[in-house]
Amino acid sequence: MNVLAHIKELRKEIDRYNHAYYVENNPVISDFEFDMKLKQLEEMEKAYPQYFDKNSPTQRVGSDLTKNFKQVEHRYPMLSLANTYSEGEVMEFYNRVKKSLNTNFEIVCELKFDGASISLIYENGELVTAVTRGNGTVGDDVTANIRAIKSIPITLNGNYPSRFEIRGEILMPFAVFEGLNEEKAKKGEPLFANPRNATSGTLKLQNPSEVARRKLDAYLYYILGDNLPHNTHYDNIQQAKQWGFKISDAVCCCKNPDEIFEYIHYWDIERHHLPVATDGIVLKVNDLIQQKNLGLTAKSPRWAIAYKYQAERGLTRLNSVSYQVGRTGAVTPIANLEPVLLSGTTVKRASLHNADIIDSLDLHIGDMVYVEKGGEIIPKITGVEVSSRVTTMSKVIFPDKCPECESFLVRNEDEAAYYCPNDDNCPPQIKGKIAHFVSRKAMNITGLGDETISLLYEKGLIGNVADIYTLKETDLSTLERLGEKSAKNIISAIETSKQVPYENVLFALGIRYVGETVAKRLAKTFRSIESLAKASFEELVQVDEIGEMIAKSVVSYFSKEEHKTLINRLQEAGLQLSSEAKEAELKSSKLEGKTIVISGVFYKHSRDEYKEIIEQNGGKNSGAISAKTSFVLAGDNMGPSKKDKADKLGIPSVSEDDFLAMLK
Ligand code: IVH
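These notes cover the structure that comes with them.

Rules of the game
Residues numbered from 1 in each chain as written. Predicted model: local features only at pLDDT ≥ 70, side-chain atom pairs only at ≥ 80, totals over all residues. Heavy atoms only, no water. Near = heavy atom within 4 Å. Polar contact = N/O pair within 3.5 Å; in protein donor to acceptor, adjacent residues only side chain to side chain. Areas by Shrake-Rupley, 256 points an atom, 1.4 Å probe, with all protein chains shown as cover. Helix = DSSP H or I, 4+ residues; strand = E, 2+ residues; numbered from the N terminus. Pairing = 2+ DSSP bridges. Axes fitted to C-alpha atoms, helices over the stretch in contact; angles between N-to-C directions. Contact = heavy atoms within 4.5 Å. Buried < 20%, exposed > 50% of the residue type's maximum accessible area, 1.4 Å probe, protein only. Expected span 1.5 Å × (residues − 1). Core = buried A, V, L, I, M, F, W, Y, C linked by side-chain atoms within 4.5 Å. Parallel < 35°, antiparallel > 145°, perpendicular 65-115°, else oblique. Phe/Tyr/Trp six-rings, centres within 6.5 Å; stacked < 30°, edge-to-face > 60°. Salt bridge = Lys/Arg side-chain N within 4 Å of Asp/Glu carboxyl O.

**A closer look at the site of the ligand**
1) Next: The local shell around the ligand holds 13 residues, among which Glu 110, Leu 111, Phe 113, Glu 169 and Tyr 221 are the closest.
2) Next: At 3.1 Å, a backbone N or O of Leu 81 approaches an oxygen atom of the ligand.
3) Next: At a separation of 3.0 Å, a nitrogen atom of the ligand approaches a polar backbone atom of Phe 113.
4) Next: For the ligand, whose accessible area on its own is 530 Å², the fraction buried by protein is 91%.
5) Next: When contributions to the shell around the ligand are tallied by element, the ones reaching two or more residues are β3 (107-113), β8 (217-224) and β10 (278-285).

Structure below.
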């Protein structure tokens, strides 16, 4: 066999193994044998670079770096489905279809997967483009990332149409999601709220090899094209399975309402054993001509409906309540529960939010409580089964002192939370401030995760953010679970952080109410930390977007002696506490004096790039249309409320092309 034929055969063989493993969940060779095959192919491809093929299984781990996502218009808009939570409305849908068609019909029932929807275009059996839903009309081209998902075939088998589109859902299995969040928690990074958000976040990464590492999965459920092999939805997706797509085995063709409801009830229970999230059932008229006859409304097809299951609720015992003190000193009550399985994950803790909620639930230790999982990371308690309460149980009483430092808690007027006011000496507040300081959008000191910060704090090596700059390699390498290499890396990350721009340093300080945007605004107006520290309340509220609450907090921060000392120490360590006047960076002053609002979808630059362009040309960005707005930079599908407001105030719109021409 010649070399090329050998390479091709190996590629085919490995594609087959991938399909068996990722699509059929039925591996046919061991991981070791698989790795050996892949290695063999890699070596051959390296030796014969002339036979490179971007569709080879070796290319799946993703090597190309996408800088920005191109926006692509969908050939057929990605509509949503009409939703219902009621079986009565499912019956109404059935009757409506029956009346309209006035002939026999079948309904295909499928699981409604809860991930990120995707549109895949195949030409001549090859994946050419993968686009997210976006706004339904235009989405992001995430092809490079999608190629890193092993259950999506890059090349097809059998007899497929020369061009077609197939849509489906990208999903992060529960197990992968939990592992990813554990990793993030260790690094002190913010957690993903649920597998759906984690999936969308992953698809937006600029690094396909990280996408590959996160092991996403995909189910396909809808195929569109001019020459599909069959005239029913069911037959077409079964055919797509033969071409290599992952099609759920739960798809079922129902002939009458009884069969539909049997399906709905069966999967209400069974779906909890699936490795991925589902939130309902999708019902679709099977025959494509009947679908066409029923047609579409502006938002959704008349031939389909989604029945959504109620959020899953569990009943379990409240064992105790603990009180967590956050970075800002806010004290959050957490319910510790008897473990209960909910939507695929084990729940042991639930948020109780604040003292008012505890009171309104009249919570007692030992109560049987209802737990629900919404979109948040931590599930919440929604009710108490009072019938199971016995008189000996004690009422949950919110403490009056900080559980960490014993300071008396305070509650601001109009705020639900109690705060520990001891912000500079209460251990979780100190550790939280340090964790915020080193986080990615602040000083970006990688390697200093929550655990390391805790250890350093407990050993007395750091007590505030300035102490970070006195750390030595030996301080770190002697810590448990931290080797010499990690210690070296941390020290070098600390060194690099000295170059982080002033606006990030300002954000990193963790001044209450000074988030990323406010920090940017302050840094622009007060070019050095000395001038900001000297600014009066009146001067601060003069600044755009700085309200009284922020101004008060900034003044109070800089009035404290310990903060002045801290800033002096940061200055001595060499951090950037001022910024050069930005005027030098201006590309032109063509937009000087103009306040511009950006709205809609753009093709030539991203929104963030446009914001930058506006600033580089002397203009000002604003989020809301007002009488002060000079014009709206309007892309496609500008929001209707913005459009109305602009029309009412007579504010002109400038298209993307005209805007770019303006700056030429
Ligand atoms: S069919 C025109 N089938 O639900 C109908 N959608 O609100 C096209 N979804 O955006 C969609 N599972 O992301 C269809 N088995 C399934 C689905 C499904 C989940 C999602 C999809 C869509 C949304 C509709």
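Don't stop here, the text continues.
**A short note on the sheet that holds strand β19 (residues 595-599)**
By definition, the strands of a sheet pair up through backbone hydrogen bonds, in either a parallel or an antiparallel sense.
1) Next: Spatially, the four strands line up as an open sheet ordered β20-β19-β21-β22, and their pairing is parallel. Looking at which strands have only one partner, the edges of the open sheet turn out to be β20 (620-622) and β22 (653-655). Pairwise comparison of adjacent strand axes, ignoring direction, gives a mean angle of 35° for this sheet.
2) Next: This element, helix α24 (residues 656-663), spans β21 (631-634) and β22 of the sheet and lies at about 85° to β22.

**Re the sheet that holds strand β2 (residues 83-84)**
1) Next: Strand order in the open sheet formed by five strands is β2-β11-β10-β3-β9, and the pairing between neighbours is mixed. Lying at the two open borders of the sheet, with one neighbouring strand each, are β2 and β9 (252-254).
2) Next: Judged from the seven bridges that link them, β3 and β10 form a sheet pairing that is antiparallel. The residue of β10 that forms the bridge with Lys 112 is Gly 280.
3) Next: Docked against the sheet, helix α3 (residues 87-101) engages β2, β3, β10 and β11 (304-308), running at close to 170° with respect to β11.
4) Next: Helix α9 (residues 257-270) contacts β3, β9, β10 and β11 of the sheet and is inclined by roughly 20° relative to β3.

**Concerning the pairing of strand β5 (residues 126-132)**
1) Next: Along β5, five of the seven residues are buried, which leaves the element largely enclosed by surrounding structure.
2) Next: Where strand β4 (residues 116-123) lies against β5, six bridges are found, and the strand directions are antiparallel. Its bridge partner lying in β5, Ser 119 is registered against Val 131.
3) Next: Turn length for the β4-β5 hairpin, with the two strands adjacent in sequence and antiparallel, is two residues, and the turn residue Asn 124 shows positive phi of about 50°.

**Some thoughts on helix α1 (residues 3-23)**
1) Next: Counted at 1.5 Å a residue, the expected span for α1 with its 21 residues is 30 Å, and the 29 Å between its end C-alpha atoms agrees.
2) Next: Listing the buried residues of α1 in full gives Ile 7, Leu 10, Arg 11, Glu 13, Ile 14, Tyr 17, Asn 18, Ala 20 and Val 23.
3) Next: For α1, the N-terminal capping position is held by Asn 2, with its side-chain oxygen 3.2 Å away from the main-chain nitrogen of Leu 4.

**Quick notes on the nonpolar core**
1) Next: Grouped together as the largest cluster of nonpolar side chains are 55 residues, with contacts concentrated most on Phe 437, Ile 468 and Leu 522.
2) Next: Taken together, the elements giving at least two residues each to this core come down to α12 (427-438), α13 (450-458), α15 (484-496), α16 (502-508), α17 (516-525), α18 (529-534), α20 (548-559) and α21 (561-573).
3) Next: Contacts of Ile 468, omitting those with residues within four sequence positions, involve Ile 434, Phe 437, Val 438, Ile 445, Leu 448, Ile 462 and Ile 494.
4) Next: Residues Tyr 122, Phe 164, Ala 218 and Leu 228 belong to the second largest nonpolar core, which totals 36 residues.

**Re the packing of α20 against α21**
1) Next: Where α20 meets α21, the axes come as close as 5 Å, and the angle between the chain directions of the two elements is 80°. With respect to their mutual orientation, α20 and α21 come out roughly perpendicular. Residues Tyr 557, Phe 558 and Ser 559 of α20 lie in contact with α21, whose contacting residues are Glu 561, His 563, Lys 564, Leu 566 and Ile 567.

**Points about the side chain of Arg 167**
1) Next: Residue position: Arg 167 is located in strand β7 (residues 163-171).
2) Next: Residue classification places Arg 167 among the buried positions, given a relative accessible area of 6%.
3) Next: Only 2.5 Å separates the side chain of Arg 167 from the backbone oxygen of Tyr 76, close enough to count as a polar contact.
4) Next: Leave out the neighbours within four places in its chain, and Arg 167 touches Tyr 76, Pro 77, Met 78, Leu 79, Ile 118, Ser 119, Leu 220, Tyr 221, Tyr 222 and Leu 224.

**Topic: the packing of aromatic side chains**
1) Next: On inspection of all chains with the given rule, the structure shows 18 aromatic pairs.
2) Next: Between the aromatic rings of Tyr 94 and Phe 105, the centroid separation amounts to 5.0 Å while the plane-to-plane angle is 45°, which identifies the pairing as tilted. Placement of the pair is Tyr 94 in helix α3 and Phe 105 in the loop between α3 and β3, with a sequence separation of eleven residues.
3) Next: Under the relative-accessibility criterion, Tyr 94 is labelled buried at 10%.
4) Next: Taking 5.0 Å as the distance between ring centres and 25° as the angle between the ring planes, the aromatic pair formed by Phe 398 and Tyr 418 counts as stacked.

**Brief notes about the pattern of salt bridges**
1) Next: If you walk through the whole model with that rule in mind, you get 32 salt bridges.
2) Next: As a salt-bridge pair, Asp 467 and Arg 569 come within 2.8 Å of each other at their nearest N and O atoms. You can see Asp 467 sitting in the loop between α13 and α14 (473-477) and its partner Arg 569 sitting in helix α21, a full 102 residues away along the chain.
3) Next: Under the relative-accessibility criterion, Asp 467 is labelled buried at 15%.
4) Next: The exposure class of Arg 569 is partly exposed, given its relative accessible area of 29%.
5) Next: Each of Glu 183, Glu 210, Arg 213 and Arg 214 takes part in a single network of salt bridges with overlapping partners.

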